[in-house]
Amino acid sequence: MEISDLKELIALLKDTDITELQVEKEGTMIKIRRHLGHPSLELMAQRPVLQERAKTVEEETQRLVTITSPIVGTFYRLPSPEALPFVDVGMRVTKGQVLCIIEAMKLMNEIESEVDGVVVKILVENGQSVEYGEPLFLIEQI
Amino acid sequence: MKLFKKILVANRSEIAVRVIRACKELGIKTVAVYSDVERDSIHVRIADEAVCIGPANSSQSYLNIPGILSAAEITDSEAIHPGYGFLAENPHFAEACHTSGITFIGPSPENIRLGGEKAKARQMMKRKGIPIVPGSDGPISSEDSVLKVARRIGFPVILKASAGGGGKGMRIVNEEKDIEQAYYLAQSEALAAFGNGELYIEKYIPDMRHIEVQIMADNKGNVIHLGERDCSIQRRHQKLIEESPSPISTEKFRKKIGDLAIKAAKAMKYRNIGTMEFIVEPDENIYFMEINTRVQVEHSVTESVTGIDIIKEQIKLAAGLPLEYKQSNIRSSGHSIECRINAEDPERFIPSPGRITLFYQPGGPGVRVDTAAYCGWVVPPYYDSLIAKLIVHGKERGEAIMKMRRALDEFLIEGIKTTIPFHKKVLQHTDFEQGTFNTSFVEKITSGNAAGREAVPEV
């Protein structure tokens, strides 16, 4: 494969949504991977049928998963005021493990991890009001 | 009695903007709720606070009762305004608000419940001496009832869903042999759309007018009316153009229909604002049809002729204040017409969502536009297609018509299809000009059935 071929491939990708392209030619295999970056909010409005957003560069490279709130309510890190928090930064968690509580209308909703991994960042404060889709935890998937 | 400190608006688009405007003018803080595809909406931008309550589809967002109540809780909202559609006529929601210590801005749950059981409402009105459209006594239990009632009142008849609205669960029956199919179709449609297959029957009057009366009631049982609106320009039972006064209205007619509306409201101990809908025959017999227990899209027409801000009054009434006006204070001045601009193909009325690339709204004296649309906004495919209301006010009907024609000419929307061309067609039609239309009008002009001619050839 020549440099000109590569240049052509890259140019082809430029105006598309393609994030990964694998080409095999004459015994050579080329794989090109792109990170499209975090779409702006405007972009989200532009494509209302798009349910999943593209991953951030961070998320792609470090296999980070963002746990977002599925409901509106108040975020609590602890099961009760005197208890220890459900999780801390650096802690290993398993899929299904309770990460926090979101209280809505006097009901305590347990929010579970979607993946096995390590808690990298906690994005909200204890007692903070959260809305649907609010990012709560960054978990590095392992 | 004090007004609320903060109101959560449980709706979207133009009505959310309308309610936020009224709140701001009353010095009340506002909370907008939105689905996650509506982050860039106008109602979100202009509210004091905004809470995302769910994903795009309505059932998980604008119909999400726990989500909305939770949003009210975390923002310390004292009251919720439901707008129209969505949860506005959901008695469970009204009750849930009450249980949560939040004021529901609208009538009582009992009022809403009765309004949503149209067959029962008819029965009640009949008992109280209010003339109703001839038909079944309450809901019908079987196909055989249809034949019985039809033989008594005469064909054609219309089957209607008791829990319904928006033209769904309705079937016209012209003769005996059509009964079976119509019955099963109406019933299954009603069941699918409203979870309730209960039907009732009315005499079908093809050349009737749909004339409704705006009412307001306080907690002491005082009720007034703000005059009538003629909403006969409908397609498949969905209103397209409304006006006030009705072209057939006289002082005598207005008093007659207004008094009937008040009588109906008092009969059901109605609270807050609402609309009594009537069917009017060509010989001007007035029949009660149904109650709308909410603010309506076309409330703006009444605001134009009376000068009263209906949403502000609604909020005050919900806060427990007595009615500010007596019936003798209510004056109707001039003539107002409203066109509902939908994001739809103007000929086939198929929805046309997408990005708006040009949006220039009309202005000048006597022109009002209620909208949440703007250039660059993407009309989402998940919700109803109303994107703007164009309301004009003139000294009399002729001037209002001229104003609406020129306003439609300057309303420039590109990127999506809209019903503006359809409205232009109606406004040029002699039947409309002369006010001699009825609920068959739209069908006549869309099927090319020349019952009237266009007054001016279309350019």
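**Student:** Sorry if this is basic, but what is going on with the interface of chain B and chain A here?
**Tutor:** For an interface, size is often stated in terms of accessible area lost upon the parts coming together. Chain B puts 20 residues into the contact, and the matching count from chain A is 16 residues. The element that contributes the greatest number of residues to the side of chain B that touches chain A is helix H3 (residues 65-74) of chain B, accounting for 7 residues.

**Student:** Where do I start with the nonpolar core in this structure?
**Tutor:** In summary, soluble globular proteins display a tendency toward joint burial of nonpolar side chains. Residue and element names in this part refer to chain B. The biggest cluster of nonpolar side chains holds 156 residues, and the ones touching the most others in it are Ile80, Leu159, Ile215 and Ala265. In terms of residues, this core owes the most to one element, helix H1 (residues 13-25), which gives 7 residues. Each residue touching Ile80, except ones within four places of it in the same chain, is listed here: Ile7, Leu8, Ala10, Ala72, Cys97, Ile102, Phe104 and Ile105.

**Student:** When you look at the sheet that holds strand E4 (residues 79-81) of chain B in this model, what are you seeing that I'm missing?
**Tutor:** Where strands meet in a sheet, backbone hydrogen bonds hold them as pairs that are either parallel or antiparallel. All names here are of chain B. Spatially, E3-E2-E1-E4-E5 is the arrangement adopted by the 5 strands of the open sheet, whose pairing is parallel. The sheet is open, and its two edges are formed by strand E3 (49-54) and strand E5 (103-104), each paired on a single side. Bridging between strand E1 (residues 6-9) and strand E2 (residues 29-35) involves 4 bridges; their strand directions are parallel. Bridge pairing links Ile7 to Thr30 in E2. Sitting on the sheet, H3 touches E1, E2, E3 and E4, and the angle it makes with E3 is about 155°.

**Student:** Which parts of the structure should I look at to understand the packing of helix H4 (residues 91-99) of chain B against helix H5 (residues 109-116) of chain B?
**Tutor:** Any two packed helices are characterised by how steeply their axes cross, that is the angle between the axes, and by the distance between the axes. All names here are of chain B. Look at H4 against H5: their axes get within 8 Å of each other, and the N-to-C directions meet at 175°. By the criterion of interaxial angle, the relationship of H4 to H5 is roughly antiparallel. Here Pro91, Ala94 and Glu95 of H4 lie close against H5, whose contacting residues are Pro109, Ile112, Arg113 and Gly116. Its residues assigned to classes, the contact of H4 with H5 comprises 4 nonpolar, 1 polar and 2 charged.

**Student:** In this structure, what is going on with the sheet that holds strand E6 (residues 157-161) of chain B? I would like to understand it.
**Tutor:** Residue and element names in this part refer to chain B. Here we have 3 strands laid out as an open sheet, ordered E7-E6-E8, and antiparallel in their pairing. Each having just a single partner strand, strand E7 (171-173) and strand E8 (199-203) make up the two edges of the open sheet. For this sheet, the mean angle separating the axes of adjacent strands, direction not counted, is 30°. Pairing geometry for E6 and E7, over 3 bridges, is antiparallel. Across the sheet, residue Ile158 finds its bridge partner in E7, namely Ile172. With respect to the sheet, helix H7 (residues 143-153) is in contact with E6, E7 and E8, its orientation differing from that of E6 by roughly 135°.

Rules of the game
- Residues numbered from 1 in each chain as written.
- Chains lettered and ligands numbered in written order.
- Predicted model: local features only at pLDDT ≥ 70, side-chain atom pairs only at ≥ 80, totals over all residues.
- Contact = placed C-beta atoms within 7 Å.
- Helix = DSSP H or I, 4+ residues; strand = E, 2+ residues; numbered from the N terminus.
- Core = buried A, V, L, I, M, F, W, Y, C linked by C-beta atoms within 7 Å.
- Buried ≥ 20, exposed ≤ 12 C-beta atoms within 10 Å, placed from the backbone.
- Pairing = 2+ DSSP bridges.
- Axes fitted to C-alpha atoms, helices over the stretch in contact; angles between N-to-C directions.
- Parallel < 35°, antiparallel > 145°, perpendicular 65-115°, else oblique.
- Nonpolar A, V, L, I, M, F, W, Y, C, P; charged D, E, K, R; others polar.

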